[in-house]
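Report on the structure
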Amino acid sequence: MIPLIRTEAVDTYHWVDEDEFMEIYAVASSLPGPIATNLAGFFGRRMAGPLGSLVALLGLTLPSGVAIVALGGLYQATKDTPLVRDALAGIRPVVIALLLGVAVTFAPRALATTKGTIGVWLRAAFIAVAFLVAAFTDVHPAILIVAGAIVGLAMRGRW
Amino acid sequence: MLGEVFALFVSFARVTLFGFGGGPSMIPLVRAEVVEGRGWLTPEVFLDAFAFGSALPGPIVTKLAFFIGHHVAGWPGAFAALLGASLPTLLLMLIVIGLLTRAKDNKALGAAIGGIRPIVVALLLLVAWDFAPAALRVGVGAGGLVSLLPWVVAAVSLVATLKFKLHPVVLIVAGAAVGMLFSMGS
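Predicted model, so just to flag it, every value in this text is computed and none were measured.

1. Quick look at the overall build of chain B
In terms of helices and strands, chain B carries 7 helices and 0 strands. Its C-alpha atoms put chain B at 60 × 40 × 25 Å along the principal axes. For chain B, the proportion of its 186 residues judged to be buried stands at 54%. Within chain B, contacts between residues at least 6 apart in sequence are counted, and of these 58% link residues at least 24 apart.

2. Structural notes on the environment of G114(B)
All names here are of chain B. Tracing the backbone shows G114 in helix α5 (residues 107-135). When its relative accessible area of 12% is taken as the criterion, G114 is described as buried. With 70 residues separating them in the primary sequence, G114 and M184 have C-alpha atoms 42 Å apart.

3. So, the domain arrangement of chain A
For chain A, the assigned domains are domain 1 (2-109) and domain 2 (113-159). Of note, the centres of domain 1 of chain A and domain 2 of chain A, computed from C-alpha atoms alone, are 27 Å apart.

4. What to know about the environment of D11(A)
All names here are of chain A. Note on placement: D11 falls in helix α1 (residues 2-12). Spatially, the C-alpha atoms of D11 and P63 are 23 Å apart, while their sequence positions differ by 52 residues. A distance of 2.8 Å separates the side chain of D11 from the side chain of R6, its partner in a polar contact.

5. Here's the deal with unusual backbone geometry
Residue and element names in this part refer to chain A. In this structure, H14 takes a positive phi of about 55° despite not being glycine. Residue placement: H14 occurs in the loop between α1 and α2 (18-30). A residue is classified by how much of its surface remains accessible, and H14, at 60% relative accessible area, is exposed.

6. Here's the deal with the interface of chain B and chain A
Across the contact, 97 residues belong to chain B and 80 residues belong to chain A. Our count for the chain B to chain A interface comes out at 1 salt bridge. A salt bridge links R92(A) to D48(B); its shortest N-O distance comes to 2.7 Å. Our count for the contact surface shared by chain B and chain A stands at 9 residue pairs in polar contact (both at pLDDT 80 or more). Listing elements by their share of the side of chain B that touches chain A, those giving two or more residues are α1 (2-17), α2 (27-37), α3 (43-55), α4 (60-102), α5, α6 (149-162) and α7 (168-181) of chain B. Among the elements that take part in the side of chain B that touches chain A, α5(B) stands out by supplying 25 residues, more than any other. Partitioning the side of chain B that touches chain A into residue classes produces 66 nonpolar, 23 polar and 8 charged.

7. Considering the pattern of salt bridges
Residues and elements named next belong to chain A. A full pass over the atoms with the stated rule returns 7 salt bridges over all chains. In this structure, the salt-bridge partner of D11 is R6, at a minimum N-O distance of 2.8 Å. Residue classification places D11 among the partly exposed residues on the basis of a relative accessible area of 39%. Under the relative-accessibility criterion, R6 is labelled partly exposed at 21%. The residue R6 makes a salt bridge to E18 at a minimum N-O spacing of 2.5 Å.

8. Some thoughts on the nonpolar core
Counting 82 residues, the largest nonpolar core has F12(B), F46(B) and I68(B) as its most contacted members. If one sorts the elements of this core by residue count, α5(B) sits on top with 15 residues. When near neighbours in sequence (up to four residues on either side) are disregarded, F46(B) contacts I27(B), V30(B), R31(B), V34(B), V35(B), L41(B) and L64(B). Counting residues in hydrophobic clusters, the runner-up holds 17 residues, among them V16(A), F21(A), F42(A) and M93(B).

9. Details of the packing of α1(B) against α2(B)
All names here are of chain B. The interhelical angle for the contact between α1 and α2, taken along N-to-C directions, is 155°, at an axis separation of 9 Å. As judged from the angle between their axes, α1 and α2 are roughly antiparallel. The hand of the α1/α2 crossing is right-handed. Taking contact as the criterion, the partners of S11, F12, R14 and V15 in α1 are, on α2, L29, V30, E33 and V34.

10. As for α3(B)
All names here are of chain B. For α3, with 13 residues, the first-to-last C-alpha span of 19 Å sits near the 18 Å given by 1.5 Å per residue. Most of α3 sits inside the fold, with 11 of its 13 residues counted as buried. Among the residues of α3, those classed as buried are V45, F46, L47, D48, A49, F50, A51, F52, G53, S54 and A55.

11. So, the confidence of the model for chain B
Residues and elements named next belong to chain B. Mean pLDDT over chain B: 90, with 95% of residues reaching 70 or higher. Mean pLDDT across the elements of chain B bottoms out in α5 (90) and peaks in α1 (96). Here the prediction assigns the complex a pTM of 0.89, and the interface score ipTM is 0.88.

12. Section: the packing of aromatic side chains
As enumerated under the stated definition, the model contains 9 aromatic pairs over all chains in all. One Lys or Arg, R123(A), reaches over the ring of W159(A) and ends 4.1 Å from the middle of that ring.

13. Brief notes about the side chain of R31(B)
By the element assignment, R31(B) lies in helix α2. For R31(B), a relative accessible area of 10% gives the class buried.

What counts, and where the lines are drawn
Residues numbered from 1 in each chain as written. Chains lettered and ligands numbered in written order. Predicted model: local features only at pLDDT ≥ 70, side-chain atom pairs only at ≥ 80, totals over all residues. Heavy atoms only, no water. Helix = DSSP H or I, 4+ residues; strand = E, 2+ residues; numbered from the N terminus. Buried < 20%, exposed > 50% of the residue type's maximum accessible area, 1.4 Å probe, protein only. Contact = heavy atoms within 4.5 Å. Domains from an automatic or database assignment. Polar contact = N/O pair within 3.5 Å; in protein donor to acceptor, adjacent residues only side chain to side chain. Salt bridge = Lys/Arg side-chain N within 4 Å of Asp/Glu carboxyl O. Nonpolar A, V, L, I, M, F, W, Y, C, P; charged D, E, K, R; others polar. Core = buried A, V, L, I, M, F, W, Y, C linked by side-chain atoms within 4.5 Å. Axes fitted to C-alpha atoms, helices over the stretch in contact; angles between N-to-C directions. Parallel < 35°, antiparallel > 145°, perpendicular 65-115°, else oblique. Left-handed = near helix turned anticlockwise from the far one by under 90°. Expected span 1.5 Å × (residues − 1). pLDDT = per-residue confidence, 0-100. Phe/Tyr/Trp six-rings, centres within 6.5 Å; stacked < 30°, edge-to-face > 60°. Lys NZ or Arg CZ within 6 Å of the ring centre and 35° of its normal.

Structure follows, in structure tokens:
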């Protein structure tokens, strides 16, 4: 989605130049929150103030939002029929694969290090420890994220 | 009703404020809020919503916000969840963008995010891990060769998504077809 936003903002409408887009993207991706909504809201405000921000946000999210509500309605109405039960039983293993796929696609950024093989192993071990803590205790994910930030600061330049 | 609309806003605001690393990093946080925290959705309905969300284009978190918000409190709920998922970090971005682009030294922030990313991977793996027994129908159904079918579907889908970059919608439609063909739900 980010390359599509870049095309609109830089090539089609010339809201910003390439360098400025990359700078804005860098900020959006280092802050929390969905990157696409942050970018849409930012460009909306830059071009047309707070109302522009809201319009850009709705333009980005409303089409797929309405679609998923429609699909959800269909799902709620039919999920206990035999045919849909069979279909869902076939879809759920796909979901496992999609979730693993997201994790695997994200992993190179989590393992990125300036310290060579040792750095990669340290980071992989950290993933394993975090997984075990999350799986076998009731710690809220937000606490783990804060803990990760603290470890990241403490290990700065060392992994 | 009004209480639930407000609760939706707060829940999704919490998700987005801790969601470092873009949309996918927020999937485990959404689950913690709406399945474990508030009990708005069963684990199965949450994962089904994620399946529909993956099949559609657009940002994943706002799609989940629409689905869950609408499920809990109709359209007001959907918009409350959407605004919760997007406004807090948007305001944060508008406030700090001047500071961050001027002060090029984001090293501390970069170091913190370097520690958060492994956590995100672990949390994503955990969502898959927790849901795997239900999705793979461990200990359910007829047994024999048919009980291997979910594992085959998962393995083939994993290869298809990682190696061949097939769009989720293709895999989900294929999964549904296989499920109906082999009556996987019974």
